[in-house]
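Inside the fold
Residues per chain are reported as follows:
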Amino acid sequence: MESQITCSSSTYVPKSTYKSFKQLADMAEGENWMTRVMISRTWNEVDFLGTNEVQTFDLLMIDENGDQLHGVVPKKIIWKFEPLLHEGVVYSLSKLSLAAEKKIFRPARNEKRAFFEWNTMVRALDSTDVKIPRHKFSFTAFEELESCSSNTYLTDVVGVLTSHTTLQEINKANGQRSIMRDLNLQNLSGVNVKITLWGDATSELSRNLDQHGIEPAPVIVVVTGCYVKKISKFMLRFEVQEHTNSTIFVALDSEVQKIVKAPASEVLMMGEVEGKARVMASFNALLGVEKDY
């Protein structure tokens, strides 16, 4: 259910001022401007590796052209603005300060981000007066996720939910505890990827899973704002023996996929016992005989 706010008529911007709204792509630092946007989503930026405390209240804004901008409410004024800013509501915003976006983990394809100040003006608008998309995604194919491992931008993925773990409570190195859940998604090409949700990110999915589960119909899951963790390459080492000699072969990702007829990442997700059995069966079929490895 989407959050809603109730405002008196005095909080609405007169239609006569709509022509003065500036598009997100046209805004510049040091200028006095007002923009009209929908709040696509909000989240708390948490010091995950340290105190586990909320550092900022962040939001993703989108305008009628589909351009996005990352907004940041500093910790000391979260109490003032968080109650006013709700997902799915259209606002006029003015007196924000623009600054360069951070180097990594950018939630929007924009070189700038907007900071809320004490005197920032926030006014709700009638959403029927303008067509603004609620969401905008930049999906990355599972096969191309490795190219996103620099994490300049956060990554959006979509796939069929094939399995998931139960909620787990994890003890972190700093002594704090956090909730996590693993999801396994599959795309139309049969490639699988594991997504790990942490903290509040588990809540909405947990509610949907509790209500509907994953059977009987396929469940399509969109996960947005992910960072990609690069894992070590998959390497398969095996020895082939003849009567007079033996040879050791090493196969990497692409070779494993040709032999096993499955991505190396999928073999890894099978676990040691099932994965080894899959590899052995593939080699036996390739050689035409049954051997142990």
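Only a predicted model underlies this, so the values are computations on that prediction, with no experimental measurement involved. Along every chain, residues carry numbers that run from 1 in the direction the sequence is written. Given that this is a predicted model, residues contribute local features only at a pLDDT of at least 70 and side-chain atom pairs are listed and counted only at 80 or more, while totals for whole chains, interfaces and linings are drawn from all residues. Remark: hydrogens and water are excluded; side-chain values derive from all non-hydrogen atoms of the structure.

**With respect to the environment of Arg-278**
Put simply, DSSP H or I for four residues or longer makes a helix, DSSP E for two residues or longer makes a strand, and each gets a number counted from the N terminus. Inspection of the secondary structure puts Arg-278 in helix α5 (residues 272–287). When the C-alpha atoms of Arg-278 and Val-260 are compared, they prove to be 7.3 Å apart, with 18 residues separating the residues in sequence.

**Quick look at the nonpolar core**
Counting 23 residues, the largest nonpolar core has Leu-59, Met-61, Val-73, Leu-85, Tyr-91, Leu-93 and Phe-116 as the members making the most contacts within it. Taken together, the elements giving at least two residues each to this core come down to β1 (34–46), β2 (54–62), β3 (68–74), α1 (78–81), β4 (90–94) and β7 (121–124). Sorting elements by how many residues they give to this core places β2 first, with three residues. Here, residues are in contact when the closest pair of their heavy atoms is within 4.5 Å. Other than its neighbours up to four places away in sequence, Met-61 contacts Leu-24, Val-37, Met-38, Ile-39, Asp-67, Gln-68, Leu-69, His-70, Gly-71, Leu-93 and Ala-114. Among buried residues, those of type Ala, Val, Leu, Ile, Met, Phe, Trp, Tyr and Cys that are joined through side-chain atoms within 4.5 Å constitute a nonpolar core. To sort residues, take the accessible area from a 1.4 Å probe on protein chains only and compare it with the maximum for the residue type: under 20% means buried, over 50% means exposed, and anything in between is partly exposed. Judged by nonpolar contacts, the second largest core, of 17 residues, contains Val-157, Val-191, Val-223 and Cys-226.

**Structural notes on a nonpolar patch on the surface**
Patches in this entry comprise residues that are over 30% relatively accessible and not in a salt bridge; like charges within 9 Å are linked, as are nonpolar side chains (Val, Leu, Ile, Met, Phe, Trp, Tyr) within 5 Å. Note that accessible areas follow from Shrake-Rupley with a 1.4 Å probe, and for residues the cover is restricted to the protein chains shown. Put simply, a salt bridge is a Lys or Arg side-chain nitrogen that is within 4 Å of an Asp or Glu carboxyl oxygen. A contiguous nonpolar surface patch, about 290 Å² in accessible area, is contributed by Ile-104, Phe-105 and Tyr-227. Tracing the sequence through the fold places Tyr-227 in the loop between β12 (220–226) and β13 (236–241).

**Concerning the side chain of Asn-192**
Residue placement: Asn-192 occurs in strand β11 (residues 192–198). Owing to a relative accessible area of 11%, Asn-192 belongs among the buried residues under this scheme. Within 3.5 Å is the distance limit for a polar contact, defined as a pair of N or O atoms, with the added protein rule that one can donate a hydrogen and the other accept it, and that residues adjacent in sequence qualify only through two side-chain atoms. A polar atom in the side chain of Asn-192 sits 3.3 Å from the side chain of Gln-186. Reaching out from Asn-192, the side chain makes a polar contact with the backbone oxygen of Gly-190 at a distance of 3.3 Å.

**Remarks on the packing of aromatic side chains**
The rule is short: rings of Phe, Tyr and Trp, with Trp giving its six-membered ring, pair when the centres are within 6.5 Å, and they are stacked under 30 degrees, edge-to-face over 60, tilted in between. Applying the stated criterion across every chain, the model contains four aromatic pairs. Ring geometry for Phe-137 against Phe-139: centres 5.2 Å apart, planes inclined by 20°, an arrangement best described as stacked. The class of Phe-139 is partly exposed, set by a relative accessible area of 42%. Placement of a positive charge over a ring is assigned whenever Lys NZ or Arg CZ falls within 6 Å of the ring centre and within 35 degrees of the normal to the ring plane. Stacked on the ring of Trp-118, the Lys or Arg Lys-80 has its end atom at 3.9 Å from the ring centre. Its end group placed over the ring of Tyr-153, Arg-109 keeps NZ or CZ at 4.2 Å from the ring centre.

**Side note on the confidence of the model for the protein**
Residue-level confidence of the predictor, termed pLDDT, takes values from 0 up to 100. Per-residue pLDDT for the protein averages 79, and the proportion of residues at 70 or more is 72%. Considering only residues more than four positions removed or in separate chains, one finds that residues 1–13, a stretch of pLDDT under 50, has 24 contacts.

**A look at unusual backbone geometry**
With a phi close to 60°, Phe-105 is a non-glycine residue in the positive phi region. Note on placement: Phe-105 falls in the loop between β5 (97–100) and β6 (112–115). Its identity as a non-glycine residue notwithstanding, Asn-151 has a phi of 55°, on the positive side. Of note, Asn-151 is situated in the loop between β7 and β8 (155–164).

**Remarks on the side chain of Arg-41**
Along the chain, Arg-41 turns up in strand β1. The charge count treats Lys and Arg as positive and Asp and Glu as negative. His and the chain ends do not count. Notably, Arg-41 is buried but unbridged: the nearest opposite-charge side chain belongs to Asp-156, and the N-O separation is 5.1 Å. Excluding anything up to four places from it in sequence, Arg-41 contacts Asp-58, Leu-59, Leu-60, Glu-87, Pro-107, Thr-224 and Gly-225.

**So, the sheet that holds β4**
Only when DSSP finds a minimum of two bridges between them are two strands counted as paired. The strand order across the open sheet built from seven strands is β5-β6-β3-β2-β1-β4-β7, with neighbouring strands paired in mixed fashion. The sheet terminates laterally at β5 and β7, the two strands that pair on one side only. Each strand of the sheet is rotated relative to its neighbour by a mean of 40°, with strand direction disregarded. Examined bridge by bridge, β4 and β7 share four bridges and lie antiparallel to one another. In the sheet register, Leu-93 faces β7, and the bridge partner there is Val-122. The angle between two axes is taken between their N-to-C directions and runs from 0 to 180 degrees, where each axis is a line fitted to C-alpha atoms and a helix contributes only its stretch in contact.

**As for the environment of Lys-102**
Among the secondary structure elements, Lys-102 is positioned in the loop between β5 and β6. With a relative accessible area of 23%, Lys-102 lands in the partly exposed category. For the pair formed by Lys-102 and Lys-112, sequence separation is ten residues and the distance between their alpha carbons is 8.4 Å. Look past the residues within four positions of Lys-102 in its chain and what remains in contact with it is Glu-45, His-70 and Arg-113.

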